[in-house]
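Topology and contacts: notes
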Amino acid sequence: MQQPVQSFEVEGNPEAGFPARRLAYRLRPGRRPTLIWMGGFRSDMTSTKAEKLEEAAAAEGFGMLRFDYTAHGESSGDFASATLSLWLDDSLQMIRQFGGERPILVGSSMGGWLALRATEILGAEGRPPGGLVLIAPAVDFTEALMWAQFPPAIRRQIEEEGVWYRPSAYSPEPYPITRALIEDGRRHLLLGKGARFGVPIHILQGAEDPDVPLAHVRRFMAELVEEEVRMAVIPDGNHRLSRDEDIAALQRITLDMARALAGAR
């Protein structure tokens, strides 16, 4: 049974530059650990992977939370003025409010980067998640996969005009890449920073992913020398990883982690 869409009102934080906003979410109650879906850039909580993962979680009685970031899906807000810091704050608001003890953060693409940053912050608070499942994690994507790849003319347009509209392979409408997005992303870079997360991490990656290449993810993994980390590579998988066999792998990896955490309680 599909869970109803609910709304969570977040107060504005003028010091951080965050507006008041309404975040849409779906929460399926169940046993812990709760699975928390963190979608990608321009994606939303109705994605095929999110819905199929919830079906698998429900079959085993685990709770699951899905939500839309500001200016995504059914949440309020203006996409052109949003930043990674705002979407990270959205994520932390939802995790703290509904995640319970040691949830599993399931981050897809940009959601993988946000899940890692949320883990750093929650760990410093003494309430780390129980583990991370990362699907094609787009770590540092604004810098390494956007800015570093843009030709000089596009960089100049972003710097001088404040925005460039990038054509999308997944939508008929281009989407804005703003100077604020690029500059704010630099506050959250992880590559080369010696980051430590302290929780189990399992990555699911397509070898044929053109958006978050396997080499980029391997570069990130190479820095996790003191972490409990594994990666499953789907040889013919693309960025979406939404085929039946891809989703089956996601369900298996996530539920294995959930069962291990539930058994350790």
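Residues numbered from 1 in each chain as written. Predicted model: local features only at pLDDT ≥ 70, side-chain atom pairs only at ≥ 80, totals over all residues. Heavy atoms only, no water.

Considering the overall build of the chain
Helix and strand counts for the chain stand at 8 helices and 10 strands. Here the chain has a C-alpha radius of gyration of 18 Å; the compact-globule value for 265 residues is 18 Å, and the two agree. Considering only C-alpha atoms, the chain reaches an extent of 55 × 40 × 35 Å along its principal axes. Counting over 265 residues, the chain shows a buried share of 53%. Residue pairs at least 24 apart in sequence account for 73% of intrachain contacts in the chain once pairs closer than 6 positions are excluded. (Helix = DSSP H or I, 4+ residues; strand = E, 2+ residues; numbered from the N terminus. Rg over C-alpha atoms; globule rule 2.2 N^0.38 Å. Buried < 20%, exposed > 50% of the residue type's maximum accessible area, 1.4 Å probe, protein only. Contact = heavy atoms within 4.5 Å.)

Side note on the sheet that holds strand β1 (residues 6-10)
Strand order in the open sheet formed by 8 strands is β1-β2-β4-β3-β5-β6-β9-β10, with mixed pairing between adjacent strands. Strand pairing shows two members of the sheet lacking a second neighbour, β1 and β10 (229-234), which therefore form its edges. Mean inter-strand twist for the sheet, computed between neighbouring axes without regard to direction, equals 20 degrees. Where strand β3 (residues 31-38) and strand β5 (residues 104-108) come together, 4 bridges link them in parallel fashion. Counted as the bridge partner of Leu-35 is Ile-104 from β5. Sheet strands in contact with helix α2 (residues 84-98) are β1, β2 (21-28), β3, β4 (62-67) and β5, and its direction is about 45 degrees off that of β2. Against the sheet, helix α3 (residues 110-124) engages β3, β5, β6 (131-135) and β9 (201-206), with an angle of about 145 degrees to β5. (Pairing = 2+ DSSP bridges. Axes fitted to C-alpha atoms, helices over the stretch in contact; angles between N-to-C directions.)

Notes on helix α8 (residues 244-263)
With 20 residues, α8 extends 28 Å from end C-alpha to end C-alpha; this agrees with the ideal 28 Å at 1.5 Å per step. Burial in α8 covers these residues: Asp-246, Ile-247, Ala-249, Leu-250, Ile-253, Thr-254, Leu-255, Met-257, Ala-258, Leu-261 and Ala-262. (Expected span 1.5 Å × (residues − 1).)

Structural notes on the nonpolar core
Formed by 58 residues in total, the largest nonpolar core has its most connected members in Met-38, Phe-41, Trp-87, Leu-116, Phe-141, Ile-177 and Ile-201. Top element by residues in this core is α2. It accounts for 8 residues. (Core = buried A, V, L, I, M, F, W, Y, C linked by side-chain atoms within 4.5 Å.)

Focus: the packing of α2 against α3
For the pair α2 and α3, interaxial distance at closest approach is 10 Å and the crossing angle is 65 degrees. Every pair of crossing elements has a handedness; the one defined by α2 and α3 is right-handed. Residues Leu-84, Trp-87, Leu-88, Ser-91, Leu-92, Ile-95 and Arg-96 of α2 pack against Met-110, Trp-113, Leu-114, Arg-117, Ala-118, Ile-121 and Leu-122 of α3. A per-class count over the contact of α2 with α3 returns 11 nonpolar, 1 polar and 2 charged. (Left-handed = near helix turned anticlockwise from the far one by under 90°. Nonpolar A, V, L, I, M, F, W, Y, C, P; charged D, E, K, R; others polar.)

So, the packing of aromatic side chains
Centre-to-centre distance and the angle between the planes together describe a pair of aromatic rings. Inspection of every chain in the model, using the stated rule, returns 11 aromatic pairs. The interplanar angle of 35 degrees and the centroid separation of 5.6 Å between the aromatic rings of Phe-79 and Trp-87 together place this pair among those described as tilted. By relative accessible area, Trp-87 is classed as buried at 1%. Arranged with centres 6.4 Å apart and planes meeting at 65 degrees, the rings of Phe-197 and Phe-220 form a pair that is edge-to-face. A residue pair is termed long-range when its members are at least 10 positions apart, and Phe-197 in the loop between α6 (179-185) and β9 and Phe-220 in helix α7 (residues 214-222) qualify at 23 residues. This pair shows no difference in class: Phe-197 is buried, exactly as Phe-220 is. For the cation-ring pair, Arg-31 lies above Phe-62, with the distance from its terminal atom to the ring centre recorded as 4.0 Å. Cation over ring: Arg-42 sits above Phe-79, and NZ or CZ is 4.5 Å from the ring centre. (Phe/Tyr/Trp six-rings, centres within 6.5 Å; stacked < 30°, edge-to-face > 60°. Lys NZ or Arg CZ within 6 Å of the ring centre and 35° of its normal.)

Re the side chain of Thr-83
By the secondary structure assignment, Thr-83 is in the loop between β4 and α2. Overall, Thr-83 belongs to the buried group, its relative accessible area being 14%. Once you skip the residues sitting within four places of it in the chain, Thr-83 turns out to touch Ala-180, Leu-181 and Asp-184.

Re the packing of helix α1 (residues 48-59) against α8
Viewed as axis vectors pointing N to C, α1 and α8 meet at an angle of 50 degrees, and their least axial separation amounts to 10 Å. By the angle between their axes, α1 is oblique relative to α8. Between α1 and α8 lies a crossing of right-handed hand. Of the residues in α8, those in contact with Thr-48, Lys-49, Lys-52, Leu-53, Ala-56 and Ala-57 of α1 are Ile-247, Leu-250, Gln-251, Thr-254 and Leu-255. Residues of the contact of α1 with α8, tallied by class, amount to 6 nonpolar, 3 polar and 2 charged. (Parallel < 35°, antiparallel > 145°, perpendicular 65-115°, else oblique.)

Some details on the side chain of Asp-184
Its place among the elements puts Asp-184 in helix α6. Overall, the relative accessible area of 9% leaves Asp-184 in the buried class.

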